[in-house]
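This is what each chain is made of:
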Amino acid sequence: MTSLSLVVRPERTEDAPAIARLESRAFGPGRFARTAYRLREGNPYRRDLGVTASVGSFLVGSVRMSPVRAGEAGFLMLGPLAVDPSFEGRGIGSALTHAAIDAAREAGEGLVILVGDAPYYTRFGFTPVPPGQLAMPGPVDPARLLWVELREGFAATLSGVILPAGR
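Rules used throughout
- Residues numbered from 1 in each chain as written.
- Predicted model: local features only at pLDDT ≥ 70, side-chain atom pairs only at ≥ 80, totals over all residues.
- Heavy atoms only, no water.
- Helix = DSSP H or I, 4+ residues; strand = E, 2+ residues; numbered from the N terminus.
- Rg over C-alpha atoms; globule rule 2.2 N^0.38 Å.
- Buried < 20%, exposed > 50% of the residue type's maximum accessible area, 1.4 Å probe, protein only.
- Contact = heavy atoms within 4.5 Å.
- Areas by Shrake-Rupley, 256 points an atom, 1.4 Å probe, with all protein chains shown as cover.
- Lys, Arg positive; Asp, Glu negative; His and termini not counted.
- Charge placed at Lys NZ, Arg CZ, Asp CG, Glu CD.
- Expected span 1.5 Å × (residues − 1).
- Core = buried A, V, L, I, M, F, W, Y, C linked by side-chain atoms within 4.5 Å.
- Salt bridge = Lys/Arg side-chain N within 4 Å of Asp/Glu carboxyl O.
- Phe/Tyr/Trp six-rings, centres within 6.5 Å; stacked < 30°, edge-to-face > 60°.

Chemist: Even after reading the chapter, I still don't get the overall build of the chain, so can you show me in this structure?
Modeler: Helix and strand content of the chain: four helices and nine strands. Here the C-alpha atoms of the chain give a radius of gyration of 15 Å, agreeing with the 15 Å that 2.2 N^0.38 yields for 167 residues. Along the first, second and third principal axes, the C-alpha atoms of the chain reach 45 × 30 × 30 Å. The proportion of buried residues among the 167 residues of the chain is 46%. Counting only contacts in the chain whose residues sit at least 6 apart along the sequence, the fraction spanning at least 24 positions is 69%. Summed over all atoms, the accessible surface of the chain reaches about 8,300 Å², with 55% contributed by carbon and sulfur. Charged side chains in the chain number 18 positive and 16 negative. The centres of these two groups are separated by 5 Å.

Chemist: Honestly, helix H3 (residues 92-106) in this entry has me stumped. Any pointers?
Modeler: What sets the pattern is the α-helix's 3.6 residues per turn: residues three or four places apart point alike. Helix length check: H3, at 15 residues, gives a terminal C-alpha distance of 21 Å against a target of 21 Å (1.5 Å per residue), a fit within 8%. Considered for burial, the residues of H3 that qualify are Ile92, Gly93, Ser94, Leu96, Thr97, Ala100, Ile101 and Ala104. Close packing links the buried residues of H3 with strand E1 (6-10), strand E2 (51-55), strand E3 (58-70), strand E4 (73-83), strand E5 (111-115) and helix H4 (118-121). Gly108 sits one or two residues past H3 and shows a positive phi near 85°.

Chemist: Would you explain the nonpolar core in this entry?
Modeler: Across soluble globular proteins, nonpolar side chains show a tendency to be buried alongside one another. Of all hydrophobic cores here, the largest spans 24 residues; its most connected members are Met65, Leu78, Val112 and Phe126. When contributions to this core are tallied by element, the ones reaching two or more residues are E2, E3, E4, H3, E5 and strand E8 (145-149). The element that contributes the greatest number of residues to this core is H3, accounting for five residues. Contacts of Met65, omitting those with residues within four sequence positions, involve Tyr45, Arg46, Leu49, Leu76, Met77, Leu78, Gly79, Ala100, Ile101, Ala104 and Val112. If you look at the next biggest cluster of nonpolar residues, it comprises 18 residues, including Ala36, Leu39, Phe75 and Leu158.

Chemist: I keep staring at the environment of Tyr121 and nothing clicks. Help me out?
Modeler: Looking at where Tyr121 falls in the secondary structure, it is placed in helix H4. C-alpha separation for the pair Tyr121 and Val148, spaced 27 residues apart in sequence, amounts to 9.5 Å. Not counting residues up to four positions away in its chain, the partners in contact with Tyr121 are Leu81, Thr97, Leu114, Gly116, Phe126 and Leu146.

Chemist: How should the pattern of salt bridges be read in this particular structure?
Modeler: Pairs can form between side chains of opposite charge once their charged atoms are near each other. Per the counting criterion, the structure on display carries eight salt bridges. Between Glu11 and Arg47 there is a salt bridge, with its nearest N and O atoms 3.8 Å apart. Taken together, the residues Glu11 in the loop between E1 and helix H1 (16-27) and Arg47 in the loop between helix H2 (35-40) and E2 connect sequence positions 36 residues apart. By relative accessible area, Glu11 is classed as buried at 7%. Linking Arg105 and Asp102 is a salt bridge whose minimum nitrogen-to-oxygen distance equals 3.7 Å. Of the two residues, Arg105 and Asp102 are both situated in helix H3; the distance of three residues between them amounts to about one turn of the helix. The structure contains a network of salt bridges with shared partners spanning Glu11, Arg47 and Arg64.

Chemist: Please explain the packing of aromatic side chains as it appears in this structure.
Modeler: Aromatic ring pairs are described here by two measures, namely the spacing of the ring centres and the angle between the planes. Enumeration according to the criterion identifies five aromatic pairs in this entry. An angle of 45° between the planes, with centres 5.9 Å apart, marks the rings of Phe58 and Phe87 as tilted. Here Phe58 is found in strand E3, whereas its partner Phe87 is found in the loop between E4 and H3, with 29 residues between them in sequence. Judged by relative accessible area, Phe87 falls into the buried class, the value being 14%. The interplanar angle of 55° and the centroid separation of 6.1 Å between the aromatic rings of Tyr121 and Phe124 together place this pair among those described as tilted.

Below, the structure is given as structure tokens:
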């Protein structure tokens, strides 16, 4: 495998069109029906926590964070994490996930959730949300609802349905 000249950096406003094309290549049109996507729809993401990865001038990866809440408690939802299919398996998703979690921690956030594969995300500290503590507003396999606590004790304060922060 050849090494990449990968540049991981904060998202910029001008990255938006390339990120939209990347997400289309990575996930296809089926992404619009997923509960996680529906939760992010119309919910502005935190550009200050978005991270991109590029090889040369080609954007090959992106991850975003959206503000969500359960009751009055606000926290973040990681995703979408997108890597160009031709660059999968090269550590780009890991680099983006680490950078996004670090950015959230540095911003003083208390917790990050996501819907994803536990075997992949446990390396970043994610664990399954205890049954019955939080629920998505649509169908999601409960074993795929994961969280990582960034401030000790924050998770114990959460319960209820996860909603966009502004609603």
